[in-house]
Amino acid sequence: MAMTGQRDTYDRRNRGLWIGLAIPGAIWLLVLFVAPFCVMLAVAGGGVNEFFQTVVPVWNPLHWSSWNLSAVWHDIFGTGAFIGPQALRTLVYTAIATVISLAIAYPVAYFVSRYAGRRKTLFLILLIAPFWVSYMMRMLAWIDLLQQGGLFNSALSLVGLPGNTDWLGGKSVTVILGLVYGYIPYVILVLYAFLDRIDQSMLEAARDLGLSKWRTFWHVTIPLSKPALIAGTFITALPMLGDYYTNQLLSGAPGTTMIGNAIEGQLDSPGYVGQGAVLSLMLLVVLLIPMIYYVISTARGSLENA
Amino acid sequence: MASVAGESVATSPPEPAELTLRRGARGNPWRRPWVMEGFTWLYIVWSIVPIAIAVLFSFNKGASQATWQGFSTKWYIGKGVTSVLHNPSLHQAVIQTVVLAVLTTVICVPIGVCFAIGIDRWRSRTSNGLNFVMIFSFVVPELLLAVALFLLVTQGLTFIRLGTPAEVAGLVVWNISWPAIIVRARLVSIGRTYEEAAADLGASRLGAIWRVLLPMLMPAVFASAVLVFASTVDDFVIVEQLSSTANTQPMSVLIYSNVHGGLSGPALNALATIMLFLSLVAALIGFLGYRWMTRGERTKGSVEALTPIAGI
């Protein structure tokens, strides 16, 4: 208690200094993180200059029109809607890619955190390496391999399979594997960070009390790694939902487009910027609950550490 | 055999003996998990080999990405072919990437470090709110932030021009959470004792921060600078939305827009290899520097120096 008291006086005495230190970052965040989303609202609620097809933002919320919103709503749910299927596809791709990522990442992270022993540094270097390779490079590597006449097709024909598949011609499986390949280093690192902190004595206690290896895993390890799995899901699913480049690089076909492509397309077409803003805000609103949950659990985690 | 005996004693009586025996026979807890180890190696091969092949083919003599035709650096420096050195747009992209990475790191790290110290000590509703905004900027999908920033600089604050100014402004806000989160974690583990001791011994407020706190924070500051640099080199979404002319397109954007048609071929692999090289050099400097700065603090060897530079 005495410690806390002292700490509080020290902090309070120098309050002006702490505020001064926080101010540049605070201004940067307010002007370039909070304000942009306010502009997005103003554009979404604004109109279009009929003659120039330019955006006319409306700054007063009382004067917002629902024109853009209803146009987007029609594109998602109405007849002949083209955004609806893209949104659905985004969900399906993200769900499959997240599950595959977790299924690959969990055993790897589990092995390195528990069994790697003295070779842990080597394994960690190898697991961290892809994290430092740019996303573009990782996609380019697969474009080289998967192109017609590329090494992957050659390898297929070597083992007697048809080696002339056009993997980059709009295949969902290529896009999903691209997503997995792109985001899995992050999942592994997050899972490792959590699994490494699991107290080994808990697992030993379970074994000592007579649980089999598999039941220890099921009843002790899995519940203990639940926060890890949740964090891993967030770390992959959130960026995947806003991804528009993986499918462009690995397929480029309209049959594999995601919601990010819809947003990008509208921003690039004059007269549709307002609808792009509405669509972005809709995605934001959908993601708001998982994001807030994630932020609160991270904040709580850092408080507990303190 | 000892494990069999140990387990059958501990298991509850109604369990069939046969099951206990079978489990005991393969329940050696010290057995190496071969399957999992094999799986881990498979993953590592899968994650690294395609990239190694792409790097290899940037040194190919011919334009093929499937047949090796001999070693050559012509896609990097060759004359008369589309090489990074002699093609103006590839050349410009390398420069733009380095400019953005340096500017962003130089602006982002000091602001983020000060923000972390300020937020950690200024305990109020406002500081909690700002902390929330900061972590939020960490989890928001990059596309949404990029679109919002694009609208801000085209509809609102139009004095921030599209191109390098907008790119740097956006990259700083996107990366500010690295120094803020990493430095704050270290602040928490340092505590206030050293600063208070310095104050008791007559140091001024700023003196205590500058001479006592900052040197202790240096490893975290350094690790976050390396992370900001590398993540700026690799960034794509924000720079794609906020670049204006071809002159302000860094390497990632150029690769993206040329993969299908345009300047495809080994020159793009060469460009991607240069990006890889920049990031890996930053990582290596980060790892060695962090290890050197925290020498004497570590108990478990170099593993602890690896985790901060990966941002975990």
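Residues numbered from 1 in each chain as written. Chains lettered and ligands numbered in written order. Predicted model: local features only at pLDDT ≥ 70, side-chain atom pairs only at ≥ 80, totals over all residues.

### Thoughts on helix 8 (residues 164-175) of chain B
Residue and element names in this part refer to chain B.
Item 1. Taking 1.5 Å of rise per residue, the twelve residues of helix 8 would be expected to cover 16 Å, and the 16 Å separating its terminal C-alpha atoms lies within 8% of that figure.
Item 2. Taken across its twelve residues, helix 8 has ten buried, putting it largely inside the fold.
Item 3. All buried positions along helix 8 are accounted for by Ala 166, Glu 167, Val 168, Ala 169, Gly 170, Leu 171, Val 172, Val 173, Trp 174 and Asn 175. (Helix = DSSP H or I, 4+ residues; strand = E, 2+ residues; numbered from the N terminus. Expected span 1.5 Å × (residues − 1). Buried ≥ 20, exposed ≤ 12 C-beta atoms within 10 Å, placed from the backbone.)

### Focus on the interface of chain B and chain A
Item 1. Contacts between chain B and chain A engage 88 residues on the former and 92 residues on the latter.
Item 2. With 13 residues, helix 3 (residues 34-57) of chain B is the single largest residue contributor to the side of chain B that touches chain A.
Item 3. In the side of chain B that touches chain A, the residues fall into 59 nonpolar, 19 polar and ten charged. (Contact = placed C-beta atoms within 7 Å. Nonpolar A, V, L, I, M, F, W, Y, C, P; charged D, E, K, R; others polar.)

### What to know about the domain arrangement of chain B
Interfaces are often sized by the accessible area lost when the parts come together.
Residues and elements named next belong to chain B.
Item 1. On domain assignment, one finds that chain B holds domain 1 (2-75) and domain 2 (88-309).
Item 2. With seven residues of domain 1 at the interface, the matching set in domain 2 holds eight residues.
Item 3. With three residues, helix 3 is the single largest residue contributor to the side of domain 1 that touches domain 2.
Item 4. Among the residues making up the side of domain 1 that touches domain 2, the classes are represented as five nonpolar, two polar and no charged. (Domains from an automatic or database assignment.)

### Considering the nonpolar core
Item 1. A:Leu140, B:Leu149 and B:Leu271 are the most contacted members of the largest nonpolar core, which has 171 residues in total.
Item 2. Each of domain 1 (2-75) and domain 2 (88-309) of chain B gives at least three residues to this core.
Item 3. What B:Leu149 contacts, discounting residues up to four positions off in sequence, is A:Leu32, A:Pro36, B:Ala166, B:Gly170, B:Ile238, B:Gln241 and B:Leu242. (Core = buried A, V, L, I, M, F, W, Y, C linked by C-beta atoms within 7 Å.)

### Details of the packing of helix 11 (residues 205-234) of chain B against helix 14 (residues 266-293) of chain B
All names here are of chain B.
Item 1. Viewed as axis vectors pointing N to C, helix 11 and helix 14 meet at an angle of 175°, and their least axial separation amounts to 9 Å. Judged by the inter-axis angle, helix 11 sits roughly antiparallel to helix 14. For the pair helix 11 and helix 14, contact is made by Met 218, Pro 219, Phe 222, Ala 223, Val 226, Phe 229, Ala 230, Val 233 and Asp 234 and by Met 275, Leu 278, Ser 279, Ala 282, Ala 283, Ile 285, Gly 286, Gly 289, Tyr 290 and Met 293, respectively.
Item 2. Residues belonging to the contact of helix 11 with helix 14 are distributed by class as follows: 15 nonpolar, three polar and one charged. (Axes fitted to C-alpha atoms, helices over the stretch in contact; angles between N-to-C directions. Parallel < 35°, antiparallel > 145°, perpendicular 65-115°, else oblique.)

### Thoughts on the environment of B:Thr104
Residue and element names in this part refer to chain B.
Item 1. Structurally, Thr 104 is set in helix 5 (residues 88-121).
Item 2. The exposure class assigned to Thr 104 is buried, which follows from the 26 C-beta atoms found within 10 Å.
Item 3. Once the C-alpha coordinates of Thr 104 and Gly 170 are considered, the two residues, 66 residues apart in sequence, prove to be 9.1 Å apart.

### Brief notes about the environment of A:Ala116
Item 1. Mapped onto the elements, A:Ala116 comes out in the loop between helix 4 (83-114) and helix 5 (120-128).
Item 2. Those residues in contact with A:Ala116, other than ones at most four positions away along the chain, are A:Phe111 and A:Phe123.

### Quick word on the confidence of the model for chain B
All names here are of chain B.
Item 1. Averaged over all residues, the pLDDT of chain B equals 81, while 84% of them reach at least 70.
Item 2. By mean pLDDT, the top-scoring element of chain B is helix 8 (93), and the lowest-scoring one is helix 1 (residues 2-10) (41).
Item 3. Here residues 1-26 is a poorly scored stretch, pLDDT under 50, and it has 20 contacts once near neighbours within four places are set aside; other chains count.
Item 4. As scored by the predictor, the complex reaches a pTM of 0.84 and an ipTM of 0.86. (pLDDT = per-residue confidence, 0-100.)

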